Amino acid sequence: MLKPGGSAASSPLIGGSEEPTLIEMSVAGRRAWSLPALDVPEVVLDLPEQAKSSVALPEVSEHDLVMHYTRLSHRNFSVDLGAYPLGSCTMKYNPKVCDWAAEHPAFRDLHPATPEESAQGALAVLLEAERFLCEITGMERATFQPPAGASGELTGLLIMRAYHEDKGETRTKILIPDAAHGTNPASVTIGGYETIEVPSNDRGMVDVDALRERLDDQVAGLMLTNPNTLGLFEADILEIADAVHEAGGLVYYDGANLNAIMGIAKPGLMGFDIVHSNLHKTFATPHGGGGPGAGPVAVHDQLVPFLPGPLPEVDADGIIRWVTPEKSIGRVHGKHGNFGVVLRALAYMMALGGDGLRRVSERAVLNARYLEELLRGPYDLPYDSPCMHEFVASARTLKKDTGTRAMDIVKALMDEGFHAPTVYFPLIVEEALMIEPTETQSLQTMDALAGALLSIAGTARTDPDALHAAPVRTPVGRPDEASAARNLRVSWGGDE
Ligand SMILES: Cc1ncc(COP(=O)(O)O)c(C=O)c1O
């Protein structure tokens, strides 16, 4: 294997099916940049010894660099390439007008520390996006500081703690349904609370009796997503919220599934006190790829004094100022959050308007229900009540009859040109396939997706070994995921 700085001119990899890394493409002396001639006096910097030694970085031409990243991009699947039914992630098409808004130089070139007077446009964007979000969620005020859903969860839990402590109470427990997303218990632990699990009933919803048994004066609150991770609307939500409130707790809405209910049901009217939304799902920024995202947290009026600060507020002269709420939990972000993501969300919300956002949710639910019906029979539907924007199917019977697992099915689906659904989540469903088509897939794409899944179920019964070998048409087949996760190689040229 070539080492940093070595020549790749004779690399057998170039032009072959295996693509070389930048290090393997390196040829001493090549450059991907050129600088104008020096027209100021040269200064020799007094650098420490370590800074004088050269670093073995790849030396490549601009063309090599562009080819490398273009080739890599062609190996990726993306929402702009095809259907991406990755349950719980809302991988929908994001209108390009949102990119235009986020790239606008007037916003893009603004430094986060710009004085208020010179940043009135950006502050107005935050206020307007907040107004939309509070209208959609039925809340009073919101912060855009949290840069992800999980960070919104932690922020919400810290607000809960501050609220209880302000009343002179120390509460130690948070209730979470057994179907919850993994970030919920993780946030609870980081927030210094103990997680108490609440079982689901045979309808796939929170077991209200079991919830009541767990409520006491140590419970700070309940975290819930509605529709839940099985794609089902928690029909007993009002009773659930009342029970938690009677015990002195607060109810937190994990708004990662907001795409199902916009303009139809407001979390604030369901009894929730704190809501986070994943702008990088519902509002025009793709989820995944490591960010950036935005998990704004909105709260009821009684919790506004505890919000992270500062928040934009219009003063008596009509100037928008940064104001820190009276009992604020402090900052949860170095600056004001991922502003570009907020811009994209505002562009999306303004382009669609209230009616348009409602249609998004209606169509998301319709698509999921249509697909669920098409798969009925060849796939198990363990919680068979009308789904919302996603549903959880199961390959339990296929596994029992043919040895075909959920993993085999989704790998084979990739050969058909679709992204895989989420698998093995929620944990309470055996061989789970969590499918979220989103509103942006056409009827034709939905039929093609269903056709591919049905054909795979047919192959499972006639030639299951063909599925164990899938995928065979993707740039990468089946990596050893466990080894990749446990034996990380984070630098090139290390031990094999
Ligand atoms: C139900 C649910 N809650 C919370 C999260 C966490 O959001 P994030 O990935 O932005 O931290 C997700 C993410 O997929 C989710 O699906």
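Q: Could you give me a rundown of the site of the ligand, with the residues and numbers involved?
A: Not every one of the 13 residues close to the ligand is listed here, only the nearest: Ser-88, Gly-149, Ala-150, Asp-254 and His-280. Between the ligand and His-181, the relevant distance is 3.5 Å, taken from an oxygen atom to a side-chain nitrogen or oxygen of the residue. Note that a nitrogen atom of the ligand is positioned 2.5 Å from one of the side-chain N or O atoms of Asp-254. Protein chains shield 90% of the accessible area of the ligand, which is 390 Å² for the free molecule. Secondary-structure elements contributing two or more residues to the shell around the ligand are α7 (149-166) and α11 (279-282). It is α7 that provides the largest number of residues to the shell around the ligand, a total of three residues.

Q: Tell me about the pairing of strand β10 (residues 391-394), and name the residues and values.
A: Along any regular strand the residues' side chains alternate between the sheet's two faces. The side-chain alternation of β10 yields two buried faces, one formed by Phe-391 and Ala-393 and the other by Val-392 and Ser-394. Sheet analysis places β10 next to strand β12 (residues 432-435), joined by four bridges and oriented antiparallel. Note on β12: the bridge partner recorded for Val-392 is Met-434.

Q: Could you give an account of the nonpolar core, with specific residues and numbers?
A: The biggest cluster of nonpolar side chains holds 59 residues, and the ones touching the most others in it are Leu-211, Leu-279 and Phe-283. Contributions of two or more residues to this core are made by α4 (96-103), α6 (120-137), β3 (194-198), α9 (208-214), β4 (219-224), α10 (237-246), β5 (250-255) and α12 (339-375). By residue number, the principal contributor to this core is α12, which donates 12 residues. Among the domains, domain 2 (96-351) and domain 3 (360-484) are the pair contributing at least three residues each to this core. When residues no more than four places from it in sequence are discounted, the contact partners of Leu-279 are Leu-133, Phe-144, Ala-284, Thr-285, Ala-294, Pro-296, Val-341, Val-342 and Ala-345.

Q: Let's hear about the domain arrangement of the protein chain: which residues, and what values?
A: For the protein chain, the domain assignment lists domain 1 (1-36 + 57-75), domain 2 (96-351) and domain 3 (360-484). The centre of domain 1, based on its C-alpha atoms, is set 44 Å off from the matching centre of domain 2.

Q: Break down the environment of Phe-425 for me, citing the residues and quoting the values.
A: Examined against the element boundaries, Phe-425 turns out to sit in the loop between β11 (422-423) and β12. The spatial distance from the C-alpha of Phe-425 to the C-alpha of Ser-491 is 31 Å, given a sequence separation of 66 residues.

Q: Now, about the state of the cysteines: what can you tell me, with residues and values included?
A: Using the criterion set out here, one finds zero disulfides in the structure. We note that Cys-387 lacks a disulfide partner, and the nearest cysteine sulfur, in Cys-89, lies 17 Å from it. Of the residues examined, Cys-387 reaches a relative accessible area of 1% and is grouped as buried.

Q: Explain the side chain of Lys-281 to me, and be specific about the residues and the numbers.
A: Along the chain, Lys-281 falls in helix α11. Despite its burial, Lys-281 pairs with no opposite charge, the nearest such side chain being Asp-254 at 6.5 Å. Lys-281 has contacts with Ser-88, Cys-89, Thr-90, Lys-92, Ala-256 and His-287, leaving out every residue within four places of it along the chain.

Q: Now, about the environment of Val-275: what can you tell me, with residues and values included?
A: Tracing the sequence through the fold places Val-275 in strand β6 (residues 274-277). For Val-275, a relative accessible area of 1% gives the class buried. For the pair Val-275 and Val-476, spaced 201 residues apart in sequence, the C-alpha to C-alpha distance is 39 Å. Once residues lying within four places of it in the same chain are set aside, the contact partners of Val-275 are Thr-137, Met-139, Tyr-253, Pro-267, Pro-296, Val-297 and Ala-298.

Q: Can you break down the sheet that holds β4 residue by residue, with the values?
A: Pairing is mixed across the open sheet formed by seven strands, whose spatial order is β1-β7-β6-β5-β4-β2-β3. The sheet is open, and its two edges are formed by β1 (141-143) and β3, each paired on a single side. Here the strands of the sheet are splayed against their neighbours by 25 degrees on average, with no regard to which way each runs. Pairing between β4 and β5: four bridges, direction parallel.

Q: Which residues make up the packing of α6 against α12, and what values go with them?
A: One can describe the packing of α6 onto α12 by two numbers: an axis separation of 9 Å at closest approach and a directional angle of 45 degrees. When the interaxial angle is binned, α6 and α12 end up oblique. Taken as a pair, α6 and α12 cross one another with a handedness that is left-handed. Along the contact surface, α6 presents Ala-122, Val-125, Leu-126, Glu-128, Ala-129, Phe-132 and Ile-136, while α12 presents Phe-339, Val-342, Leu-343, Leu-346, Met-349, Met-350 and Leu-357.

Q: Describe the sheet that holds β10, naming the residues involved and giving the relevant values.
A: The sheet built from three strands is open, its strands ordered β10-β12-β11 with antiparallel pairing. On the outer flanks of this sheet lie β10 and β11, each paired with one strand and no other. Pairing between β11 and β12: two bridges, direction antiparallel. Looking across to β12, one finds that Thr-422 is bridged to Met-434. Against the sheet, helix α14 (residues 406-415) makes contact with β11 and β12, and its axis sits at roughly 40 degrees relative to β12, the strand it touches most.

Q: Before we move on, could you go through the pattern of salt bridges and cite the residues and values that matter?
A: Inspection of every chain in the model, using the stated rule, returns 28 salt bridges. Its salt-bridge partner being Arg-171, residue Glu-169 comes within 2.8 Å of it at the nearest N-O pair. Linking Glu-373 and Arg-376 is a salt bridge whose minimum nitrogen-to-oxygen distance equals 2.8 Å. In this structure Arg-376 comes out as partly exposed when scored by relative accessible area, which is 35%.

Q: Provide a residue-level description of the environment of Met-67, including the pertinent values.
A: Summarising the element assignment, Met-67 is placed in helix α3 (residues 62-75). Classification of Met-67 as partly exposed rests on a relative accessible area of 27%. Note: C-alpha distance between Met-67 and Ile-261 (194 residues apart in sequence) is 43 Å.

What counts as what
- Residues numbered from 1 in each chain as written.
- Predicted model: local features only at pLDDT ≥ 70, side-chain atom pairs only at ≥ 80, totals over all residues.
- Heavy atoms only, no water.
- Near = heavy atom within 4 Å.
- Polar contact = N/O pair within 3.5 Å; in protein donor to acceptor, adjacent residues only side chain to side chain.
- Areas by Shrake-Rupley, 256 points an atom, 1.4 Å probe, with all protein chains shown as cover.
- Helix = DSSP H or I, 4+ residues; strand = E, 2+ residues; numbered from the N terminus.
- Buried < 20%, exposed > 50% of the residue type's maximum accessible area, 1.4 Å probe, protein only.
- Pairing = 2+ DSSP bridges.
- Core = buried A, V, L, I, M, F, W, Y, C linked by side-chain atoms within 4.5 Å.
- Domains from an automatic or database assignment.
- Contact = heavy atoms within 4.5 Å.
- Disulfide = S-S within 2.5 Å.
- Lys, Arg positive; Asp, Glu negative; His and termini not counted.
- Salt bridge = Lys/Arg side-chain N within 4 Å of Asp/Glu carboxyl O.
- Axes fitted to C-alpha atoms, helices over the stretch in contact; angles between N-to-C directions.
- Parallel < 35°, antiparallel > 145°, perpendicular 65-115°, else oblique.
- Left-handed = near helix turned anticlockwise from the far one by under 90°.

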